[in-house]
Each structure stands twice: as structure tokens, then as C-alpha cells.
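The lines below spell out each chain.
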Amino acid sequence: MNTRIKKLRKALDLTQQAFALRIGTSANVLTNYETGRRNPSSSVINNICKEFRVNEDWLRTGAGEMFREISRDDEITAFVNDVLSGESEDFKRRFIAALSRLSAEGWAALEQLVEDTALRKDAETPVPPGYSSRAELEAEADEFAAMAREQFLSEKIPGYQAPSASGSDDSGGVA
């Protein structure tokens, strides 16, 4: 389990101090877990799994995926609980409080604002000079990718010939 704890911490890009703080222990104790000098208690394992949404089977045995799948609803609930568990009056907390007081008309107005903002963002997507639209640019990128593919295959496969445009070449691209 010691290597999995360290692997998890590295995957989360946390220092030993930051990881230990989040699971309610010290960096020295975490070092002992990671080096195998000490095994974490069931409550520490539970803290790790709860805090980082870790698959307990993976942590204990290495079986399965590192992280538990989480539904969008559970993700939202965890976010709101995390924001509301703090005592500070930061923007996230004030925003959630404001959302909780919205009327049906307020929700409709907020939805319209979000949709308008998304449309403006799409409209603001720059198109490089020489192209009339993003679709034209993407079509040229697709053509370029196809040409690069054919060049790569011809360099790597002796005797490779690109399939004819009419599709009548039955050789599968190899002469």
C-alpha cells in the first residue's frame, strides 16, 4: 500500500505536507506510510479515500482504478459542501448564497446571460487572415493531416502507394 499512497500523492501533485494536512496527519507519519515503516489505520485509509475520492480497493490491493467514478450530481454536491464548510465570505460562498435566493425569473435571466456569453465567445473566436471561416480553416487542416499521413506511411512502408481517389485500388495501399 505504501507505493500506492505515494503514487496517489504524486498524481495529485501534492507535497507530503499538503497531503498529510488534508488527511489529518503529519508529514513525518506520511513518510512512514510511504516508506512502508508504518501501515495506515482504517480511519486514515477512510480519510484518504473520502478526501481524494480514491477507490478503496485500489488503495488497499492495487485492484481497479485509482479514483472512484463520481456522478455530476455528486461532484456538484461535493463542491457546494466544500465551499459552504469554510467560514470565509469569499466569492464562491457569496455566489452560492445569491443563487439560493434566485426567483424563477432570476434563474431565467441567469440562463439567458450564460447563453449570450457563450454565443459571444463563439463569435469572438478569431479566424486567421486568408480564411473566411473556422470551417474553412479546419477543412484545410484535415487535408494537411491526410497528406502528412500519406507521406509518413510512404516513408515507413516500403512500396507503399496511396489509395487512388476513385477507390478502385484493391491493393490496400501496398504495391
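Residues numbered from 1 in each chain as written. Predicted model: local features only at pLDDT ≥ 70, side-chain atom pairs only at ≥ 80, totals over all residues. Heavy atoms only, no water.

A. Broad picture of unusual backbone geometry. With phi around 55°, Asp-13 is a residue other than glycine that occupies positive phi space. The phi dihedral of Arg-53 is positive, around 55°, even though this residue is not glycine.

B. Up close: the environment of Gly-62. Here Gly-62 lies in the loop between α5 (56-61) and α6 (72-85). Residue Gly-62 is classed as partly exposed on the basis of its relative accessible area of 35%. For the pair formed by Gly-62 and Asn-47, sequence separation is 15 residues and the distance between their alpha carbons is 18 Å. Excluding residues within four positions of it along the chain, Gly-62 makes contact with Arg-4 and Asp-57. (Helix = DSSP H or I, 4+ residues; strand = E, 2+ residues; numbered from the N terminus. Buried < 20%, exposed > 50% of the residue type's maximum accessible area, 1.4 Å probe, protein only. Contact = heavy atoms within 4.5 Å.)

C. Focus on the packing of α6 against helix α7 (residues 91-100). Two numbers describe how α6 lies on α7: the axes approach to 9 Å, and their chain directions differ by 115°. Here α7 runs roughly perpendicular to α6, going by the angle between their axes. Both α6 and α7 take part in a crossing whose hand is left-handed. From α6, Phe-79, Val-80, Val-83, Leu-84 and Ser-85 reach across to α7, where they touch Lys-92, Arg-93 and Ile-96. Across the contact of α6 with α7, the residue classes break down as five nonpolar, one polar and two charged. (Axes fitted to C-alpha atoms, helices over the stretch in contact; angles between N-to-C directions. Parallel < 35°, antiparallel > 145°, perpendicular 65-115°, else oblique. Left-handed = near helix turned anticlockwise from the far one by under 90°. Nonpolar A, V, L, I, M, F, W, Y, C, P; charged D, E, K, R; others polar.)

D. Focus on the nonpolar core. Counting residues in hydrophobic clusters, the biggest one holds 18 residues, and the most contacted among them are Ile-5, Leu-8, Phe-19, Ile-48, Phe-52, Val-54 and Leu-59. Considering each element in turn, this core owes the most residues, five residues, to helix α4 (residues 42-52). Not counting residues within four places of it along the chain, the set of residues in contact with Ile-48 comprises Ile-5, Leu-8, Phe-19, Ile-23, Arg-53, Val-54 and Leu-59. (Core = buried A, V, L, I, M, F, W, Y, C linked by side-chain atoms within 4.5 Å.)

E. Just the packing of helix α2 (residues 16-23) against α4, in detail. One way to put it is that α2 packs onto α4 with a least axis distance of 9 Å and a crossing angle of 100°. Comparing their axes, α4 and α2 come out roughly perpendicular. When α2 is examined against α4, the residues Phe-19, Arg-22 and Ile-23 are found in contact with a partner set consisting of Val-44, Asn-47, Ile-48, Glu-51 and Phe-52.

F. Seen up close, the pattern of salt bridges. For the structure shown, the criterion picks out six salt bridges. A salt bridge links Arg-60 to Glu-56; its shortest N-O distance comes to 2.7 Å. You can see Arg-60 and its partner Glu-56 sitting in helix α5, four residues apart, about one turn around the helix. The class for Arg-60 is partly exposed, based on a relative accessible area of 35%. The residue Glu-150 makes a salt bridge to Arg-149 at a minimum N-O spacing of 3.2 Å. The exposure class assigned to Glu-150 is partly exposed, which follows from its relative accessible area of 22%. (Salt bridge = Lys/Arg side-chain N within 4 Å of Asp/Glu carboxyl O.)

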